[in-house]
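# Report on the structure
So the chains spell out like this:
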There are 2 protein chains.
Amino acid sequence: MQGLHIEITFGKAERIGPGKVRLLELIAEKGSITEAAQAMGMSYRKAWLLVDAIDRLFPRPLIEKRVGGHGKGGASLTPLGEEVIRQYRAFEERCQAALESDYPLLMEGQPVPRD
Amino acid sequence: MQGLHIEITFGKAERIGPGKVRLLELIAEKGSITEAAQAMGMSYRKAWLLVDAIDRLFPRPLIEKRVGGHGKGGASLTPLGEEVIRQYRAFEERCQAALESDYPLLMEGQPVPRD
């Protein structure tokens, strides 16, 4: 089975790819950076750095931190954050469909030993 | 300026991406793995490992090593190797065109500091 790993590169090195997008999706789902980090098996610090990196790519924030009652904070996506995810997934799906329909050779590869 | 970094993933971890494809293109251009490696600023060993990895993804070889006269060996792409490059670049171009025309938000990102 072939899959696509698509990264959109901004400037010299900044990228949006499947890891950052998945993190945003999990933040939306769980309402918490801590829980999103746990679900991806990464440290809070690493998740925070990724969030910061993706946030700095856009002129307005993708993520909103809330201070909750009873000591419970949380995080959610802004409408801009939701739209970035939506467009990334739509773009990814479109490329995958093109790959499957029109580039047969790239779909044929598979990791086989050969001697 | 936004660019795309597209990798096609086979099975669990094997990938074809811009690095391996560029290496194949340079081998075709220069007729030599050694010179292609130099042009990419990598060791012969690293280039050889990449060539081996991409070669193992397909049931037939992408690269042909020649033993030349006067002690000059060389390498060239097989027709399969040429076609893999062609399809990868065509696919990449198609995704880039889709990105530019239909996913404005993903084109808007840029690495800017924000405080």
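My aim in this report is to walk through the structure given alongside it, one point at a time. Every chain begins its residue count from 1, and numbering advances along the sequence as written. Labels follow written order: the first chain is A, the first ligand is 1, and so on. Owing to the predicted nature of the model, reporting of local features is limited to residues with pLDDT of at least 70; listing and counting of side-chain atom pairs is limited to 80 or more, with chain, interface and lining totals taken over all residues. The side-chain quantities take in all heavy atoms of the structure and omit both hydrogens and water.

### Overview of the relation of the copies chain B and chain A
Stated precisely, the cut-off is as follows: All copies are superposed by least squares; the fitting set is the C-alpha atoms of residues with a pLDDT of at least 70 in both. The contact criterion used is simple: two residues touch if any of their non-hydrogen atoms lie within 4.5 Å.
The transform that puts chain B on chain A rotates by 180° and translates by 0.0 Å along the axis, for an RMSD of 0.0 Å. Taken together, the turn and the small shift mark the pair as related by a two-fold rotation axis. Across chain B, the rotation axis passes nearest the C-alpha of B:I6, at a separation of 2.3 Å. Both copies contact each other with a shared surface, as 100% of the interface residues of chain B are interface residues in chain A too.

### What to know about the interface of chain B and chain A
The cut-off we apply is this: A quick way to say it: buried area is the sum, across both parts, of accessible area lost when two parts are put together, with a 1.4 Å probe. What counts as a salt bridge is simple: a side-chain nitrogen of Lys or Arg found within 4 Å of a carboxyl oxygen of Asp or Glu. N or O atoms within 3.5 Å of each other form a polar contact, as long as, within protein, one can give a hydrogen and the other can take it, and as long as residues adjacent in sequence are counted only when both atoms are side-chain atoms. Runs of H or I in DSSP of at least four residues are treated as helices and runs of E of at least two as strands, each being numbered from the N terminus. Classes in brief: Ala, Val, Leu, Ile, Met, Phe, Trp, Tyr, Cys and Pro nonpolar; Asp, Glu, Lys and Arg charged; the others, Gly included, polar.
Between chain B and chain A, the contact holds 43 residues from the first and 43 residues from the second. Carbon and sulfur atoms make up 59% of the area that chain B and chain A hide from each other, which totals about 4000 Å². Applying the counting criterion to the chain B and chain A interface returns 2 salt bridges. For the salt bridge of A:D102 with B:R94, the shortest nitrogen-to-oxygen distance reads 2.6 Å. The tally of links between chain B and chain A comes to 10 residue pairs in polar contact (both at pLDDT 80 or more). Of all the elements in the fold, those that place two or more residues in the side of chain B that touches chain A are β1 (2-10), β2 (14-16), α4 (79-102) and α5 (104-108) of chain B. At 12 residues, the largest contribution of residues to the side of chain B that touches chain A is made by α4(B). The class makeup of the residues in the side of chain B that touches chain A is 24 nonpolar, 8 polar and 11 charged.

### Considerations on the environment of A:I33
Residues and elements named next belong to chain A. Structurally, I33 is set in helix α2 (residues 33-39). Taking C-alpha positions, I33 is 8.8 Å from V51, a pair spaced 18 residues apart along the chain. For I33, the residues in contact, after removing those within four places along its chain, are I27, Y44, A47, K65 and A75.

Purely spatial values, then, with no claim about function.
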